[in-house]
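Tertiary structure, described
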Amino acid sequence: MMDLSAYRDIFIEELNDQLERMDQSLLALELSPSVELVQTLFRAAHTIKGSASTMDFRELSDLTHEVEYALEWVREKKPEMTSELIDTLFRSLDAMKVLRDQYIRGEAYADFRAVVREIKDLIQTPAVVGQLKVPQLQPAESIVAQVAIVSGKQLLSIHIVLEQKCMMKAARYHILRQRIEEICGTVVATSLMESQPGAQNEDDHYGQFIIIVATSKDTQQLKAELSSDSDIHMLEIDPYLLESNEVAATSAPIEIISETEQTKQSLPTVNTTGPDEKVKAAQPTVRVSVERLDHLMNLVGELLIDQTSLADLSGSGARKESSTLIRSISGVSDHMGRVIKELQEGVMKTRMLPIDQLFSRFPRLVRDLSQKLGKDLELVIQGGETELDRMIIEELSDPLIHLIRNSADHGIENAEVRAENGKPSKGRITLTSFHEENHVVIRYSDDGKGIDGEKIKASALGKGIISEEQAARLTTQEAVHLIFEPGFSTASSVSEVSGRGVGMDIVRSQIGRLNGIIDIDTEVGVGTTFTIRLPLTLAIIKGLLVKVSGRVLILPMYNVAEIVRISPEDIQMIQGQQAILNHGRIVPFHRLCDRLNYPRTDRKSKTIPLVIVRSVDKIAAYAVDEIIGNQEVVIKTLGTYLGAMNHLSGATILGNGKVALILDASYLVSL
């Protein structure tokens, strides 16, 4: 059997793209139904079904076949796009995503029969006379079914309804059954329609029937071969999954997981990859345009030319005058510097992705929250083309989800309250991104009730998060930032959406890990805006080089709020802690050598060099021995062999060949 493991990452990448396309198309279809959107959904489902079948991912292939059938029904019948129809399609899409995640993690697959039944109930054709039950396999039949599955075949349920005008239904049933057996190879079981009380014609007993087959044929191919019969009024071919009580005692290596009401699991398929391949997570990938790759290739070519030039200069150095040799080397060095700078920028761009890849996930979230909370919400996205490092984009997902959930639950009022305050009934959430110097700014805002700083202060005081003395010193704006404290919540009750006091703490810690900064601008009765500033990439940063106890250390420049010099008299004691006054704000003061347990050095100058470091919503001032300057540095990870080094985010190699440690500003200001 062909080894498909080499194509696994490509399959997962394509699957993610198609699922995202379906999600966006369904949202658009709900707002504005169109034939083009239905066609887009159908094509995406058809692509997923084909690729999943190729990868022997039958659970997803079978489920997508049902979704494709539903979309084909929508395309042909053109029904009204009711909320029930859209919700069913969304639940089907969610089931596909669950199967994808379980495939990636190597877990047992969830049972999607409930979703399949929901699709069938929604698009079912008018019922014919009598009820037909799907046959339950007898022990001997279940053994045949299991052996077929192990040999690589699939179980299909073929449901046929004969035309009413068919004169000899019993004879037609036997002819079709024989034909199906010739096409498929194995008929496992059959089910005929129950005789109706008072029925005059026993032949109607064969008016519709279900045949369970084990076959290696494709569903569409089988449908094409059978649908040509003029006596067939309706033909449905669906996957047939074994129930747990249909499993006979057999030595076949098959695991059947019993069905429960909430968590159902289906029969695992035969794994065609190696034993370790299934549990291997998909490797993260970035799609890069050919134009960018060509540009990088040209730059590498120029570096090779410079390398040849340096080799020639090395060989002829003894025969040239020193002044001529120095000028030649200097010229090559300058050109190499420009090429390396351009190469660095090019490589950085290959890591960049449009932030719309993150933002596009949120319209569905807002839609679901709108239904769950009974509020009319809309999401406006701007600046989706802004590019950001792929790793940062992935890490931003959870913080933004928490912001949206808290905003929908706490921030935006219900329609009645908004009407009383003269606001439109529809609450608006706006998500904007843009570049600002060497940063990406993400601005999240809502037009809700805003954050009441005094209420926040009172709640924090009641929960013991701050003392009465601290509360007295806090301004209203400073009190607003208490929402980031662990365990803080103003919700009167815990809901499914929010109110557990964990969301905003996650936002702060996650933004801090990304070396970002978050600001809050709020006005009671008007709304709230969160402004997040992040570095473009975490691979190459501009760092501030400082000297502490004879060691060169680096602070990321995007965490450096200000560099000042103070005299020892400017240091004050406030509640037993050293602090300075900076632009009217009290800032905690620390000596960096003390924080890092380095020995103090004798200070020769009368002033103290000070670096004011900011991370998320916190700020602190650190005294250093010397400010060296700033330069771009490449971050190298320290690995796990050093153990927990929370105060360090990595290291770099300086121009003189020495290693300099890069400090984690978010950890330092939290001490």
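Quick summary incoming for the structure in this document. Keep in mind that this is a model prediction, so the values were computed, not measured. (Residues numbered from 1 in each chain as written. Predicted model: local features only at pLDDT ≥ 70, side-chain atom pairs only at ≥ 80, totals over all residues. Heavy atoms only, no water.)

**Quick notes on the overall build of the protein chain**
On a plain count of helices and strands, the protein chain comes out with 20 helices and 22 strands. Counting across all 671 residues of the protein chain, residues that qualify as buried make up 45%. Once local pairs closer than 6 in sequence are excluded, the contacts in the protein chain between residues at least 24 apart make up 71%. When the accessible surface of the protein chain is split by element, carbon and sulfur atoms take 51% of a total near 34500 Å². (Helix = DSSP H or I, 4+ residues; strand = E, 2+ residues; numbered from the N terminus. Buried < 20%, exposed > 50% of the residue type's maximum accessible area, 1.4 Å probe, protein only. Contact = heavy atoms within 4.5 Å. Areas by Shrake-Rupley, 256 points an atom, 1.4 Å probe, with all protein chains shown as cover.)

**Description of the sheet that holds strand 14 (residues 560-566)**
As summarised here, the arrangement of the six strands in space is 14-18-19-17-16-15, forming an open sheet in which the pairing is mixed. Pairing within the sheet leaves two strands with one partner each, and these edge strands are strand 14 and strand 15 (572-574). Taken pair by pair, the neighbouring strands of this sheet meet at an average axis angle of 40°, ignoring direction. One ladder, built from four bridges, connects strand 16 (residues 577-582) with strand 17 (residues 585-591); its direction is antiparallel. Bridge pairing links Ile-580 to Val-587 in strand 17. (Pairing = 2+ DSSP bridges. Axes fitted to C-alpha atoms, helices over the stretch in contact; angles between N-to-C directions.)

**A few points about the pattern of salt bridges**
Evaluation of the coordinates by the stated rule reveals 24 salt bridges. Across the salt bridge formed by Asp-23 and Arg-364, the nearest N and O atoms sit 3.7 Å from each other. Of this pair, Asp-23 sits in helix 1 (residues 8-31) while Arg-364 sits in helix 12 (residues 362-373); the two residues are 341 residues apart in sequence, bridging distant segments of the chain. Each member of the pair Asp-23 and Arg-364 is classed as buried. The closest approach of N and O atoms between Arg-367 and Asp-368, which form a salt bridge, is 3.2 Å. When its relative accessible area of 29% is taken as the criterion, Asp-368 is described as partly exposed. A cluster of three or more residues bridged by salt bridges with shared partners is formed by Asp-23, Glu-30, Asp-87, Asp-94, Lys-97, Arg-364, Arg-367 and Asp-368. (Salt bridge = Lys/Arg side-chain N within 4 Å of Asp/Glu carboxyl O.)

**Notes on the packing of aromatic side chains**
For the structure on display, the rule yields seven aromatic pairs. Pairing Phe-11 with Phe-57 gives two aromatic rings, centres 6.4 Å apart and planes at 75°, and the pair type is edge-to-face. Within this pair, whereas Phe-11 is found in helix 1, its partner Phe-57 is found in the loop between helix 2 (35-54) and helix 3 (58-77), the two being separated by 46 residues in sequence. Phe-57 matches Phe-11 in its accessibility class, with the two residues each being buried. Sitting above the plane of the Tyr-598 ring, Arg-551 keeps its charged end 4.2 Å from the centroid. (Phe/Tyr/Trp six-rings, centres within 6.5 Å; stacked < 30°, edge-to-face > 60°. Lys NZ or Arg CZ within 6 Å of the ring centre and 35° of its normal.)

**Structural notes on the sheet that holds strand 8 (residues 427-436)**
Here five strands make up an open sheet; going across it, the order is 6-8-9-11-10 and the pairing mixed. Each edge of the open sheet carries a strand with a single partner, namely strand 6 (377-382) and strand 10 (517-523). Mean inter-strand twist for the sheet, computed between neighbouring axes without regard to direction, equals 15°. In the sheet, strand 6 pairs with strand 8 via six bridges, with the strands oriented parallel. Paired with Ile-381 across the strands is Leu-431, a residue of strand 8. Of the strands in this sheet, strand 6 and strand 8 are in contact with helix 12, which crosses strand 6 at around 165°.

**A few points about the environment of Ile-401**
Its location among the elements puts Ile-401 in helix 13 (residues 390-411). Sequence spacing of Ile-401 and Phe-362 is 39 residues, and the spatial spacing of their C-alpha atoms is 7.7 Å. Beyond its immediate stretch of four places on either side in the chain, Ile-401 contacts Phe-362 and Leu-365.

**So, the packing of helix 4 (residues 83-105) against helix 12**
Following both chains from N to C, one finds helix 4 and helix 12 inclined at 125°, their axes separated by 13 Å at the closest point. Considering the angle they form, helix 4 stands oblique to helix 12. When you trace helix 4 past helix 12, the crossing you get is left-handed. For the pair helix 4 and helix 12, the contacting residues are Ile-86, Asp-87, Phe-90, Asp-94 and Lys-97 in the first and Arg-364, Arg-367 and Gln-371 in the second. Within the contact of helix 4 with helix 12, the residues separate by chemical class into two nonpolar, one polar and five charged. (Parallel < 35°, antiparallel > 145°, perpendicular 65-115°, else oblique. Left-handed = near helix turned anticlockwise from the far one by under 90°. Nonpolar A, V, L, I, M, F, W, Y, C, P; charged D, E, K, R; others polar.)

**Topic: the packing of helix 12 against helix 13**
Across the interface, helix 12 lies against helix 13 with an axial gap of 10 Å and an inter-helix angle of 30°. The orientation of helix 12 with respect to helix 13, classified from their angle, is roughly parallel. For the pair helix 12 and helix 13, the crossing hand works out as right-handed. Across the interface between the two elements, Phe-362, Leu-365, Val-366, Leu-369 and Leu-373 from helix 12 touch Ser-397, Leu-400, Ile-401, Ile-404, Arg-405, Ala-408 and Asp-409 from helix 13. Per-class residue counts for the contact of helix 12 with helix 13 are nine nonpolar, one polar and two charged.

**Examining the nonpolar core**
Membership of the largest hydrophobic core comes to 54 residues, with the highest contact counts inside it found for Phe-362, Leu-396, Leu-400, Ile-442, Ile-483 and Phe-530. Tallying contributions element by element places helix 13 first for this core, with seven residues. Excluding anything up to four places from it in sequence, Phe-362 contacts Leu-379, Ser-397, Leu-400, Ile-401, Ile-404 and Leu-431. One finds Phe-57, Leu-63, Ile-104 and Val-116 within the second-largest nonpolar core, a separate group that totals 41 residues. (Core = buried A, V, L, I, M, F, W, Y, C linked by side-chain atoms within 4.5 Å.)

**Re helix 7 (residues 169-184)**
Here helix 7 is 16 residues long and its end C-alpha atoms lie 22 Å apart, about the 22 Å a rise of 1.5 Å per residue gives. Looking only at helix 7, the buried set comprises Lys-169, Ala-170, Tyr-173, Leu-176, Ile-180, Ile-183 and Cys-184. Viewed along the axis of helix 7, the buried residues span an arc of 145°, placing them on a single side of the element. Exposed side chains of helix 7 directed beyond 90 degrees from the buried face belong to Gln-178 and Glu-182. Lining the buried residues of helix 7 we find strand 1 (154-162), strand 2 (186-192), strand 3 (208-215), helix 8 (219-226) and strand 4 (232-239). (Expected span 1.5 Å × (residues − 1). Arc of directions from axis to C-beta.)

**Description of the pairing of strand 21 (residues 648-653)**
The pairing of strand 21 with strand 22 (residues 659-663) spans five bridges and is antiparallel. Within the sheet, the bridge partner assigned to Ile-653 lies in strand 22 and is Val-659.

**Details of unusual backbone geometry**
With the exception of glycine, the majority of residues adopt a negative phi angle, and the majority of peptide bonds are in the trans configuration. For Asp-56, which is not a glycine, the phi torsion comes out positive at approximately 60°. When you line up the elements, Asp-56 lands in the loop between helix 2 and helix 3. If you check the backbone angles, Ser-549 has positive phi at about 55° while not being a glycine. Inspection of the secondary structure puts Ser-549 in the loop between strand 12 (540-548) and strand 13 (551-556). The class for Ser-549 is buried, based on a relative accessible area of 13%.

**Notes on the side chain of Glu-66**
With respect to the helices and strands, Glu-66 occurs in helix 3. The class for Glu-66 is buried, based on a relative accessible area of 1%. Among residues more than four places away in sequence, those in contact with Glu-66 are Val-116, Ile-119, Lys-120, Asp-238 and Pro-239.

**With respect to the side chain of Ser-407**
Structurally, Ser-407 is set in helix 13. Classification of Ser-407 by relative accessible area gives buried; the value is 5%. Those residues in contact with Ser-407, other than ones at most four positions away along the chain, are Ile-412, Ile-429, Tyr-444 and Asp-446.

By themselves these figures say nothing about function.
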